[in-house]
Amino acid sequence: MKITGVELRTIRMPLRSPFETSFGVEEDRVAVLIRVVGAVPSHDHHHPHPVEVQGWGECVAMEFPLYSSEYAEGAAEVLRRFLIPRLLAATDAGQDVTAELVDPLLESIIGHRMAKGALEMAVLDAQLRGTGQSLAGYFGATRTAVPSGVSVGIQPSIAALLDVVSDYLADGYVRIKLKIKPGWDLAPVEAVRERFGELVLLQVDANAAYTLADARLLRRLDAFDLLLIEQPLPEDDIRQHAELAKLIQTPICLDESVVSVRAAADAIALRACQVINIKAGRVGGYLNARKIHDLCQANGIPVWCGGMVETGLGRAANAALAALPGFTLPGDVSASDRFYDQDITEPFVLEDGQIAVPTGPGLGVEPIQDVLDRFTVATEWIQS
Ligand code: SMG
Ligand code: MG
């Protein structure tokens, strides 16, 4: 497609309740959204003029660089200054800018994977809307709905945690993930097991809050039959995760450490993890996410789809990705009302513990304009 221009929009959406992790507390979701406007050749012989298409991308970078080095304003800056101009220049040079070309066009810019992934997502959405294909169809997805797990933040007390988990189980979530940190680990896990029993699918996520010196403490989690422990150690500690894996029984799942297809291959080869959490933004986009899925499938590594507190746009794409056959564990693709009273798209809802995979062209969902405008704090239009 020819890229006509790109709208960059920053939104701020209130969360229904604060979301606390080992690295901080979030009360709002600040996110950068991208709307790519372009033109594709018409397939209609009677109307040979190019057809205008648009597509949406969501950048998962958070307001502050606490989960990873990227953050919303920084992502907006790199998009406006370096990434978007590259796509516009490619269009000006006569290139057909497809989603498959975005990563190669942006490759010489180092890092900024969440920003790149968002731009690729917008181009992919526009491209698929142009051809009428769904994202799930493009990926080769095999499911029409995906089992839904929920990520439960650190709570003020064990009693509060048990109430929250009880409500989520009543909603029908099929898997519970507890956020943990030093001082909030063994006790909440033990309390949830005791109250809800051995059958609940349960896992924990440390968001890199421990060191290898905590191995003895982490080994005590072995008693609770967890599906996995997610990212116990820092992002760049792949080798130490391999050491930890020898010391504990609970399978290790990597999140933050898996920043690329190469990092995934390294982690698998070094036996640093038995499971991988796939988040498209973290690995530079949905095409890399699919490559990691394929790599893991070939290596017998189960994967699941992570979440970044997305709006309905990112949630739609995650549901499509999670419908691929290698996603054998329930992901963090929960209903919109897990985080938002009002989503910017039609809300994703839980039905029998599952989220339906959109079937319409591209993402299959669109922002509701007046809701989007209500949450918008800045917009700009970038063209060549
Ligand atoms: O979207 O359901 C979601 C959030 C899931 O826990 C979640 N994400 O490390 O996996 C993770 C975190 C990252 C974001 S925490 C603000
Ligand atoms: Mg995580």
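The structure we're discussing is the one just above.
Caption draft 1: Structural view of the sheet that holds strand 5 (residues 149–152). Reading across from one edge, 5-6-7-8-9-10-11 is the order of the 7 strands in this open sheet, with parallel pairing throughout. The open sheet terminates on both sides in strands that have one partner only, identified here as strand 5 and strand 11 (303–305). Relative to strand 9 (residues 252–254), strand 8 (residues 229–230) is paired through 2 bridges, and the arrangement is parallel. By the bridge assignment, I229 is partnered in strand 9 with I252. This element, helix 6 (residues 186–196), spans strand 6 (175–179) and strand 7 (202–205) of the sheet and lies at about 165 degrees to strand 7. In this fold helix 10 (residues 286–298) packs onto strand 10 (275–278) and strand 11, with an angle of close to 165 degrees to the strand it touches most, strand 10.

Caption draft 2: Geometry of the pattern of salt bridges. Going through the model one piece at a time under the given rule, you end up with 21 salt bridges. Of the charged contacts in the structure, one is a salt bridge between E7 and R9, with a shortest N-O distance of 3.3 Å. Taking the relative accessible area as the measure of exposure, R9 reaches 6% and is therefore buried. Its salt-bridge partner being R129, residue D125 comes within 2.9 Å of it at the nearest N-O pair. Placement of both D125 and R129 in helix 3 (residues 113–131) is noted, with a separation of 4 residues, approximately one turn of the helix. Several salt bridges converge on common partners, so that one network encompasses R175, K177, K179, D205, E230 and D332.

Caption draft 3: Spotlight on the state of the cysteines. By the definition in use, this model includes 0 disulfides. In this structure C253 is a free cysteine whose sulfur lies 7.2 Å from that of C273, the closest cysteine sulfur available. Exposure remark for C253: the relative accessible area of 0% places this residue in the buried category. The cysteine C273 is free of any disulfide, with C296 supplying the nearest cysteine sulfur at 7.1 Å. C273 gets classed as buried once you look at its relative accessible area, which sits at 5%.

Caption draft 4: Broad picture of unusual backbone geometry. The backbone phi angle of R271 is positive, close to 55 degrees, even though this residue is not glycine. Looking at where R271 falls in the secondary structure, it is placed in the loop between helix 9 (261–269) and strand 10.

Caption draft 5: Structural view of a negative patch on the surface. Together, D163, D167, D171 and D337 make up a negatively charged patch on the protein surface. Among the structural elements, D163 can be located in helix 5 (residues 158–171). Classification of D163 by relative accessible area gives partly exposed; the value is 47%.

Caption draft 6: Quick look at the coordination of the magnesium ion (ligand 2). In the first shell of the magnesium ion (ligand 2), the protein supplies D205 (OD), E230 (OE) and D255 (OD), at 2.1 to 2.3 Å from the metal. Spacing between the donor residues of the magnesium ion (ligand 2) along the chain follows D-x24-E-x24-D. With a gap of 25 residues between them, E230 in strand 8 and D255 in the loop between strand 9 and helix 9 connect regions that are remote in the sequence. Assigned by exposure class, E230 and D255 land together as buried.

Caption draft 7: The arrangement of the packing of aromatic side chains in detail. Enumeration over the complete set of coordinates arrives at 6 aromatic pairs. Each member of the aromatic cluster is reached from another via a ring pair, and the members are F19, F339 and Y340. R175 extends its terminal NZ or CZ atom over the ring of W304, reaching a point 5.3 Å from the ring centre. Across from the ring centre of F375, 5.8 Å away, lies the NZ or CZ of R374, which sits over that ring.

Caption draft 8: Highlighting the packing of helix 1 (residues 72–92) against helix 3. The contact between helix 1 and helix 3 brings their axes to 10 Å, and the two run at 50 degrees. Our classification of the angle between helix 1 and helix 3 gives oblique. Relative to helix 3, the crossing made by helix 1 is right-handed. Each of A75, V78, L79, L83, I84 and L87 in helix 1 lies in contact with helix 3, whose residues at this interface are A115, K116, L119 and V123. Of the residues in the contact of helix 1 with helix 3, the class split is 9 nonpolar, no polar and 1 charged.

Caption draft 9: Structural view of the site of ligand 1. Near ligand 1 lie 20 residues; those nearest to it are S151, K179, N207, K279 and V309. In the environment of ligand 1, an oxygen atom lies 3.1 Å from a nitrogen or oxygen atom belonging to the side chain of D205. With the chains in place, 100% of the 430 Å² that ligand 1 exposes on its own is no longer accessible. Sorting the residues of the shell around ligand 1 by element identifies strand 1 (2–21) and strand 6 as the ones contributing at least two each. Of the residues contributing to the shell around ligand 1, the split by class is 7 nonpolar, 4 polar and 9 charged.

About the criteria used
In this numbering scheme, every chain counts its residues from 1 along its sequence in written order. Labels follow written order: the first chain is A, the first ligand is 1, and so on. Two thresholds apply to this predicted model, a pLDDT of at least 70 for residue-level local features and 80 or more for giving and counting side-chain atom pairs, whereas whole-chain, interface and lining totals are computed over all residues. Side-chain metrics rest on all non-hydrogen atoms present in the structure, leaving aside hydrogens and water. When DSSP finds two or more bridges between a pair of strands, those strands are recorded as paired. Here a strand is any run of E in DSSP of at least two residues, a helix any run of H or I of at least four, and the numbering for each starts at the N terminus. By the convention used here, residues are in contact when the closest approach between their heavy atoms is within 4.5 Å. As a rule, the C-alpha atoms of each element are fitted with a line to give its axis, helices using only the stretch in contact, and angles between N-to-C directions run from 0 to 180 degrees. The rule for a salt bridge is simple: a side-chain nitrogen of Lys or Arg has to be within 4 Å of a carboxyl oxygen of Asp or Glu. Burial here depends on accessible area, computed with a 1.4 Å probe over protein chains only, as a share of the maximum for the residue type. Under 20% is buried, over 50% is exposed, and the range in between is partly exposed. Here, a disulfide means two cysteine sulfur atoms that sit within 2.5 Å of each other. Exposure above 30% relative accessible area and no salt bridge define the residues that can form patches, which grow by joining like charges within 9 Å and nonpolar side chains of Val, Leu, Ile, Met, Phe, Trp and Tyr within 5 Å. The Shrake-Rupley method, run with a 1.4 Å probe, gives the accessible areas here. Residue values count only the displayed protein chains as cover. The positive count covers Lys and Arg only, the negative count covers Asp and Glu only, and His and the chain ends enter neither. For the purpose of locating charges, the reference atoms are NZ of Lys, CZ of Arg, CG of Asp and CD of Glu. In this analysis a donor is any N, O or S atom within 2.8 Å of a metal ion (3.2 Å for sodium, potassium and calcium), and since water is not included, sites may seem incomplete. For Phe, Tyr and Trp, rings pair up if their centres lie within 6.5 Å, where Trp contributes its six-membered ring, and each pair is then called stacked (planes under 30 degrees apart), edge-to-face (over 60) or tilted (otherwise). In this scheme, the term charge over a ring applies when either NZ of a lysine or CZ of an arginine sits within 6 Å of the ring centre and within 35 degrees of the ring normal. Under this scheme an angle from 65 to 115 degrees is roughly perpendicular, one under 35 degrees roughly parallel, and one over 145 degrees roughly antiparallel; angles in between are oblique. Here a crossing is called left-handed whenever its near helix is offset anticlockwise from the far helix by less than a right angle, and right-handed whenever the offset is clockwise. For this classification, the nonpolar set comprises Ala, Val, Leu, Ile, Met, Phe, Trp, Tyr, Cys and Pro, the charged set comprises Asp, Glu, Lys and Arg, and every other residue, Gly included, is treated as polar. Whether a residue is near a molecule or strand depends on its heavy atoms: it is near if one of them lies within 4 Å of it. Polar contact is the term for a pair of N or O atoms within 3.5 Å; when the atoms are in protein, one must be able to donate a hydrogen and the other to accept it, and sequence-neighboring residues count only if both atoms are side-chain atoms.

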